[in-house]
Amino acid sequence: MSAMRWLKPFKMLSMCSTPTTPLDINITTDLQRWRMFLAIAELGSLTRAAHFLDSNQSLLSRQLNALERECKNRLFVRTGRGVEMSDMGKRIYPQVKALLEHAERLEFDIRSEVHEPAGRVTVGMLPSIGSSIVGRLFVALRERYPEIKLKVLEGSSGQVDEWLANARVDIAILYRYGVVAMPQDQSLATVESYLIGPKGDRLTAAPEVEFKNLHGLPFILPSAPNGLRTALDAVARQEHIALNPVIEADSLPLQKNLVASEQLYTVLPLHAVWHEINAGTVQAARIVSPSLQRSVSMVLTKTKGPAKAVSAVASKIQEIVDEMARNGMWRLGPMV
């Protein structure tokens, strides 16, 4: 890669100055400043951005003020809840993001001569999956691939699909409903759905519960659109019963806490309440007649990188899923 080609991406920075006053670019300094810009833009808060960048808010504020002076324009508008991008900030955001991605790819190209996988790998997943996998994944990568930096995004199925479509993540781990898998999916495991109830509850004291017995129970369930909620509502109509969500909440910790403290019910996979069951705060009975299954699938994007590090992380995820299956959290193989 020639020096001129490397400097090309930095031409976009000139938009922040007047045509007669070109910027004196220091590559290292400006990259750090634009990383700061991107963190503030995506997190919407100087406090959260400072935490993410392992810095402090006052330093970040001074750096931002200096950047805005150089650009001769406001990049953010301060609000009561944090900051929002100004019109100028919104205009340059896609180009700044592309600039930093080019810089990362250059670093990955340089490191490709090294045998060990290296670089940042972004994984998007649902909270119920992340709570079971992320800790194990971090430990495994730290021991085997210390040069790989892990970034984890948690969100709903719709958000993870959107991140996947926009290539914001390298790897997506999500649930799929139905026996027909998407062409790009790698099926990792099959997960059963369980009725989760409070300690001492009669229904969930048994190992299994028929779907018809969910009729009229006081539920805390995620709000639509949600893959599990859609599947539950569809089976309820098929079985001619009425589900009774007395509260809707998309937060997994809130669902588990209110089941334990307020004598409510919810429906979750076993791995999502593994620690709570072992602690004796909730109970779980597998839903049968009919059962409600979903597949844990992994999808890799093709437009991000670094390829060697992404492959290493994907391989470790598969190993962790296999280990969890041996522990009884889910089972390997396709849905039936």
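The rules we used
Residues numbered from 1 in each chain as written. Predicted model: local features only at pLDDT ≥ 70, side-chain atom pairs only at ≥ 80, totals over all residues. Heavy atoms only, no water. Helix = DSSP H or I, 4+ residues; strand = E, 2+ residues; numbered from the N terminus. Buried < 20%, exposed > 50% of the residue type's maximum accessible area, 1.4 Å probe, protein only. Contact = heavy atoms within 4.5 Å. Areas by Shrake-Rupley, 256 points an atom, 1.4 Å probe, with all protein chains shown as cover. Polar contact = N/O pair within 3.5 Å; in protein donor to acceptor, adjacent residues only side chain to side chain. Core = buried A, V, L, I, M, F, W, Y, C linked by side-chain atoms within 4.5 Å. Arc of directions from axis to C-beta. Patch = residues over 30% accessible without salt bridge, like charges linked within 9 Å, V, L, I, M, F, W, Y side chains within 5 Å. Salt bridge = Lys/Arg side-chain N within 4 Å of Asp/Glu carboxyl O. Pairing = 2+ DSSP bridges. Right-handed = clockwise from strand over helix to strand, strands pointing away.

> Explain the overall build of the chain residue by residue, including any values.
Check the secondary structure of the chain and you find 11 helices and 12 strands. For the chain, buried positions account for 46% of its 336 residues. Counting contacts in the chain only where the partners sit at least 6 residues apart, residues at least 24 apart contribute 75% of the total. Only carbon and sulfur atoms are counted for the fraction: they give 53% of the accessible area of the chain, which is about 17,500 Å².

> Let's hear about the side chain of serine 295: which residues, and what values?
Mapped onto the fold, serine 295 is located in strand S12 (residues 293-300). Taking the relative accessible area as the measure of exposure, serine 295 reaches 7% and is therefore buried. Only 3.5 Å separates the side chain of serine 295 from the side chain of serine 297, close enough to count as a polar contact.

> I'd love a proper account of the nonpolar core, names of residues and values included.
Residues Ile171, Ile173, Val313, Ile317 and Trp330 are the most contacted members of the largest nonpolar core, which totals 38 residues. Among the secondary structure elements, those contributing two or more residues to this core are strand S3 (119-125), helix H6 (127-144), strand S4 (148-154), helix H7 (157-165), strand S5 (171-176), strand S6 (186-198), S12 and helix H11 (307-326). Sorting elements by how many residues they give to this core places H11 first, with 10 residues. The contact partners of tryptophan 330, leaving out residues within four places of it in the chain, are Ile133, Ala189, Thr190, Val191, His271, Val296, Val321, Met324 and Ala325. By size, the runner-up hydrophobic cluster in this structure holds 25 residues, among which are Ala39, Leu46, Ile92 and Ala103.

> Talk me through H7; I want residue IDs and the actual numbers.
If you check which residues of H7 are buried, you get Ser157, Val160, Trp163 and Leu164. The buried residues of H7 all sit within an arc of 125° when viewed along its axis, so they share a single face. Looking at the buried positions of H7, the neighbouring elements they touch are S3, S4, S5 and S12. Count one or two residues on from H7 and you reach alanine 167, which has phi positive near 55°.

> Tell me about a nonpolar patch on the surface, residues and numbers included.
On the surface, a nonpolar cluster with roughly 240 Å² of combined accessible area is contributed by Leu43, Phe52 and Leu53. With respect to the secondary-structure elements, phenylalanine 52 resides in helix H3 (residues 46-52).

> With reference to specific residues and values, describe the pattern of salt bridges.
Evaluation of the coordinates by the stated rule reveals 13 salt bridges. Linking arginine 144 and glutamate 116 is a salt bridge whose minimum nitrogen-to-oxygen distance equals 3.2 Å. With arginine 144 in helix H6 and glutamate 116 in the loop between helix H5 (87-111) and S3, this pair connects stretches of sequence that are 28 residues apart. For arginine 144, a relative accessible area of 39% translates into the label partly exposed. The class for glutamate 116 is partly exposed, based on a relative accessible area of 36%. Through salt bridges with shared partners, a single network forms among Glu68, Arg74 and Arg78.

> Help me get a handle on the pairing of S3, residues and values and all.
Burial within S3 is extensive, with six of its seven residues counted as buried. Summarising the sheet, S3 and S4 pair through seven bridges and their orientation is parallel. Directly across from glycine 124, in S4, lies its bridge partner leucine 153. In the classification by handedness, the crossover that spans S3, the intervening H6 and the parallel S4 is right-handed. The sheet contact formed by S3 and S5 spans three bridges and is parallel. If you follow methionine 125 over to S5, its bridge partner there is isoleucine 173.

> I'd love a proper account of the pairing of strand S2 (residues 82-85), names of residues and values included.
In this structure, strand S1 (residues 76-79) lies alongside S2, joined through four bridges in antiparallel fashion. Considered in S2, the bridge of valine 77 is made with glutamate 84. Linking S1 back to S2 in an antiparallel pair, the connection comprises two residues.

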